[in-house]
Amino acid sequence: PILIHSTNILLQGQRAQLNLPEQRFRDLFQDVMDNHCGVVGMGILLAGTNVMFPVMPLCEVESFSRLESWDGTGNGSIFVTLRAVGRC
């Protein structure tokens, strides 16, 4: 799952735009697209803790764009729009 803060919980039909600047997030995004048909759970950390809420929004990748780094280092970002389609 992609982990988010508990103040950013999505309800079914709502959208969120995320910037994925770190390689680990870009790798996760690629795995979601390659192996999970663009569907990902949005894990929710309870505020002030490291405890994950037991139910999470199930989201689909609605759109995305890749921003390549200007200096050729490969340190670009992926801007992705997720839409909550259910819960798991």
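Located above this text is the structure these notes cover.
Calculation rules
Residues numbered from 1 in each chain as written. Predicted model: local features only at pLDDT ≥ 70, side-chain atom pairs only at ≥ 80, totals over all residues. Heavy atoms only, no water. Helix = DSSP H or I, 4+ residues; strand = E, 2+ residues; numbered from the N terminus. Core = buried A, V, L, I, M, F, W, Y, C linked by side-chain atoms within 4.5 Å. Buried < 20%, exposed > 50% of the residue type's maximum accessible area, 1.4 Å probe, protein only. Contact = heavy atoms within 4.5 Å. Phe/Tyr/Trp six-rings, centres within 6.5 Å; stacked < 30°, edge-to-face > 60°. Salt bridge = Lys/Arg side-chain N within 4 Å of Asp/Glu carboxyl O.

### Structural notes on unusual backbone geometry
Then, in step 1: Although it is not a glycine, Cys 37 adopts a positive phi angle of roughly 55 degrees.
Then, in step 2: Turning to its location among the elements, Cys 37 is positioned in the loop between α1 (23–35) and β3 (39–45).

### Regarding the nonpolar core
Considering soluble globular proteins, one finds that nonpolar side chains tend to be buried as a cluster.
Then, in step 1: In this structure, Leu 10, Phe 29, Cys 59, Val 61, Val 80 and Leu 82 are the most contacted members of the largest nonpolar core, which totals 13 residues.
Then, in step 2: For this core, the secondary-structure elements that each account for two or more residues are β2 (15–20), α1, β3, β4 (57–67) and β5 (77–87).
Then, in step 3: Take this core: its biggest share by element is four residues, from β5.
Then, in step 4: Residues in contact with Leu 10, not counting those within four places in the same chain, are Arg 15, Ala 16, Met 42, Pro 57, Cys 59 and Ala 84.

### With respect to the packing of aromatic side chains
What characterises a pair of aromatic rings is the spacing of the ring centres plus the angle enclosed by the ring planes.
Then, in step 1: With the rule as written, the count across this model stands at one aromatic pair.
Then, in step 2: Here the aromatic rings of Phe 29 and Phe 64 are separated by 5.0 Å at their centres, their planes lie at 65 degrees, and the arrangement is edge-to-face. You can see Phe 29 sitting in helix α1 and its partner Phe 64 sitting in strand β4, a full 35 residues away along the chain.
Then, in step 3: The exposure class assigned to Phe 29 is buried, which follows from its relative accessible area of 5%.
Then, in step 4: Judged by relative accessible area, Phe 64 falls into the partly exposed class, the value being 38%.

### Overview of the pattern of salt bridges
Then, in step 1: Evaluation of the coordinates by the stated rule reveals four salt bridges.
Then, in step 2: The shortest N-O distance in the salt bridge between Glu 62 and Arg 15 comes to 2.6 Å. With Glu 62 in strand β4 and Arg 15 in strand β2, the pair connects residues that are 47 residues apart, well separated along the chain.
Then, in step 3: Its relative accessible area of 37% is what places Glu 62 among the partly exposed residues.
Then, in step 4: Two residues, Glu 22 and Arg 24, come together in a salt bridge whose shortest N-O distance is 2.7 Å.
Then, in step 5: On the basis of relative accessibility, which here comes to 37%, the residue Glu 22 falls in the partly exposed class.
Then, in step 6: Ionic contacts of the salt-bridge type, sharing partners, join the residues Arg 15, Glu 60, Glu 62 and Arg 83 into one network.

In short, shape yes, function no, at least from these values alone.
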